[in-house]
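Fold and geometry: a report
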Amino acid sequence: MSLAITYADIEAAAQRLRGVAHRTPVLTSRTANERTGAQLFFKCENLQRTGAFKFRGAYHALAQLTPEQSKHGVLAFSSGNHAQAIALAARLLGMPAVIVMPQDAPPLKIEATKGYGAEVVLYDRYTEDREALSARIARERGMTLIPPYDHAHVMAGQGTAAKELLEEVGALDLLLVCVGGGGLISGCAVAARQLAPQCAVIGVEPEAGNDVQQSLKRGEIVHIDVPRTIADGAQTQHAGRLTFPVIRELVRDIATVSDAALIRTLRFFAERMKIVVEPTGCLAAAAALEGAVPVAGKRIGVIVSGGNIDRTRYAQLLTREPA
Ligand SMILES: *Cc1c(COP(=O)(O)O)cnc(C)c1O
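A brief report on the enclosed structure follows. (Residues numbered from 1 in each chain as written. Predicted model: local features only at pLDDT ≥ 70, side-chain atom pairs only at ≥ 80, totals over all residues. Heavy atoms only, no water.)

**A few points about the overall build of the protein chain**
Helix and strand content of the protein chain: 14 helices and ten strands. Taken over C-alpha atoms, the radius of gyration comes to 18 Å for the protein chain, in line with the 20 Å a tight globule of 323 residues would show. Each principal axis of the C-alpha atoms in the protein chain carries an extent, and together these give about 55 × 45 × 40 Å. Within the protein chain, residue pairs in contact and separated by at least 24 positions form 74% of the contacts whose partners lie at least 6 positions apart. On the protein chain, roughly 13000 Å² of surface is accessible, and the fraction owed to carbon and sulfur atoms is 47%. For the protein chain, the separation between the mean place of its 35 positive charges and that of its 32 negative charges on side chains is 4 Å. (Helix = DSSP H or I, 4+ residues; strand = E, 2+ residues; numbered from the N terminus. Rg over C-alpha atoms; globule rule 2.2 N^0.38 Å. Contact = heavy atoms within 4.5 Å. Areas by Shrake-Rupley, 256 points an atom, 1.4 Å probe, with all protein chains shown as cover. Lys, Arg positive; Asp, Glu negative; His and termini not counted. Charge placed at Lys NZ, Arg CZ, Asp CG, Glu CD.)

And the structure:
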């Protein structure tokens with residue numbers, strides 16, 4: 001069976017995103033290198049527009065809608081970052097957007113989404129089915145549903161993050177990428193196969209939400225209950241029908257990290273590297289810094305996926321919660 005995207009799709013996405021998405025910086029840290037015995041390159045998507053890599057996939061997907069689809073607009077369901085990304089991309093492309101968000105999503109994310117001009121519809125993530133609700137609204141208003149990860153244009157857009165990283169730093173031995181529904185890692189794995197065929201791609205999930213790790217073991221998509229973890233961007237219950245085959249074929253392994261490891265990594269980013277990273281954005285780095293994967297002696301790319309966290313919660317994580 002052929003995979004949903006090829007490297008040519010990622011190149012096309014890179015073209016469309018030129019001058020629209022930021023080419024985010026790659027940071028290094030002597031402290032991180034000393035601690036791990038590795039050479040780490042942090043691709044800082046926390047500094048991407050809307051504060052996460054999601055803008056890449058969202059813009060790439062919206063830019064390809066027909067004029068008729070654009071007129072009716074787009075709808076998305078998301079715990080936050082995909083929502084903001086769709087909202088901004090829709091505004092830039094001049095189309096209406098409705099975002100269906102869980103009512104316990106971080107308030108900053110809800111506000112930011114409204115701030116980009118989208119209409120927000122809230123639901124209860126523990127009792128309501130967001131997919132059914134979204135499908136109904138899309139049908140009623142003729143809107144096009146853009147899923148957060150299981151969409152070829154979204155996957156290709158996300159892959160441009162790894163393309164940029166590999167073009168900037170050259171070949172790597174290992175690329176660490178966080179995994180929610182697998183849009184980011186599937187795009188990145190396709191880019192890595194082309195640009196650094198020797199580079200192993202390893203996914204990182206929260207310990208409490210290791211559905212993709214279970215899925216790889218079983219050879220089929222495993223569904224889990226909504227995981228309780230501070231990594232709210234990785235609270236997905238299952239990989240996608242398009243992302244999972246790519247992961248199965250191109251991803252070497254999945255590692256997991258605890259919430260405590262995420263908190264320590266968030267503090268490391270703040271204190272040592274002077275950057276604000278949300279808990280989900282800490283997953284890949286935590287795997288390296290906390291020894292969840294062997295890294296010594298290797299050149300390693302680390303995707304820092306996002307930096308959206310409200311300041312009260314951030315202050316709590318920095319100072320009050322045990323880690
Ligand atoms: C969405 C998101 C993820 C997970 O990405 P998938 O494509 O669903 O695997 C990770 N980190 C952040 C910050 C996100 O917003």
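**Examining the sheet that holds strand β4 (residues 97-102)**
The strands making up a sheet are joined through hydrogen bonds of the backbone, oriented either antiparallel or parallel. An order of β5-β4-β3-β6 is seen for the four strands of this open sheet, with the pairing classed as parallel. Strand pairing shows two members of the sheet lacking a second neighbour, β5 (119-123) and β6 (144-145), which therefore form its edges. Strands in contact with helix α5 (residues 81-93) are β3 (74-77) and β4; relative to β4, the strand with the most contacts, it is inclined by about 170 degrees. Contacting β3, β4, β5 and β6, helix α7 (residues 130-141) crosses the sheet at an angle of about 170 degrees to β3. (Pairing = 2+ DSSP bridges. Axes fitted to C-alpha atoms, helices over the stretch in contact; angles between N-to-C directions.)

**Quick word on the nonpolar core**
If you look at the biggest cluster of nonpolar residues, it comprises 78 residues, and the most contacted ones within it are L40, F42, L175, L176, F269 and V302. Apart from the residues within four sequence positions on either side, F42 is in contact with P25, V26, L27, T28, S29, A32, F269, M273, A285, V302 and V304. Counting 28 residues, the second-largest nonpolar core is a separate cluster that includes A61, I99, V120 and I146. (Core = buried A, V, L, I, M, F, W, Y, C linked by side-chain atoms within 4.5 Å. Buried < 20%, exposed > 50% of the residue type's maximum accessible area, 1.4 Å probe, protein only.)

**Brief notes about the state of the cysteines**
Tallied over the full model, the rule gives zero disulfides. For C44, which is in no disulfide, the shortest distance to another cysteine sulfur is to C282 and amounts to 11 Å. Relative accessible area serves as the criterion here: at 0%, C44 is assigned to the buried category. (Disulfide = S-S within 2.5 Å.)

**What about the site of the ligand?**
Taken together, 16 residues lie near the ligand, and K54, N81, G180, G182 and S305 sit nearest. Here an oxygen atom of the ligand sits 2.8 Å away from a polar atom, N or O, in the side chain of N81. The backbone of L184 places a nitrogen or oxygen atom 2.9 Å from an oxygen atom of the ligand. The class makeup of the residues in the shell around the ligand is five nonpolar, nine polar and two charged. (Near = heavy atom within 4 Å. Polar contact = N/O pair within 3.5 Å; in protein donor to acceptor, adjacent residues only side chain to side chain. Nonpolar A, V, L, I, M, F, W, Y, C, P; charged D, E, K, R; others polar.)

**Description of the packing of aromatic side chains**
Taken as a whole, this structure holds three aromatic pairs when the rule is applied. Considering the side-chain rings of F55 and Y59, the 5.7 Å spacing of their centres and the 40 degrees angle between planes classify their relative orientation as tilted. Of this pair, F55 and Y59 both sit in helix α3 (residues 54-62), four residues apart, which is roughly one turn of the helix. Residue classification places Y59 among the buried positions, given a relative accessible area of 11%. (Phe/Tyr/Trp six-rings, centres within 6.5 Å; stacked < 30°, edge-to-face > 60°.)

**Structural notes on the pattern of salt bridges**
If you walk through the whole model with that rule in mind, you get eleven salt bridges. The salt bridge involving E45 is made with R56; its shortest N-O contact spans 2.7 Å. One end of the pair, E45, is in the loop between β2 (39-44) and α3; the other, R56, is in helix α3, and eleven residues separate them in sequence. Residue R141 is joined to E119 by a salt bridge in which the shortest nitrogen-to-oxygen separation is 2.9 Å. Here R141 is found in helix α7, whereas its partner E119 is found in strand β5, with 22 residues between them in sequence. What makes R141 partly exposed here is its relative accessible area of 39%. The class of E119 is partly exposed, set by a relative accessible area of 37%. (Salt bridge = Lys/Arg side-chain N within 4 Å of Asp/Glu carboxyl O.)

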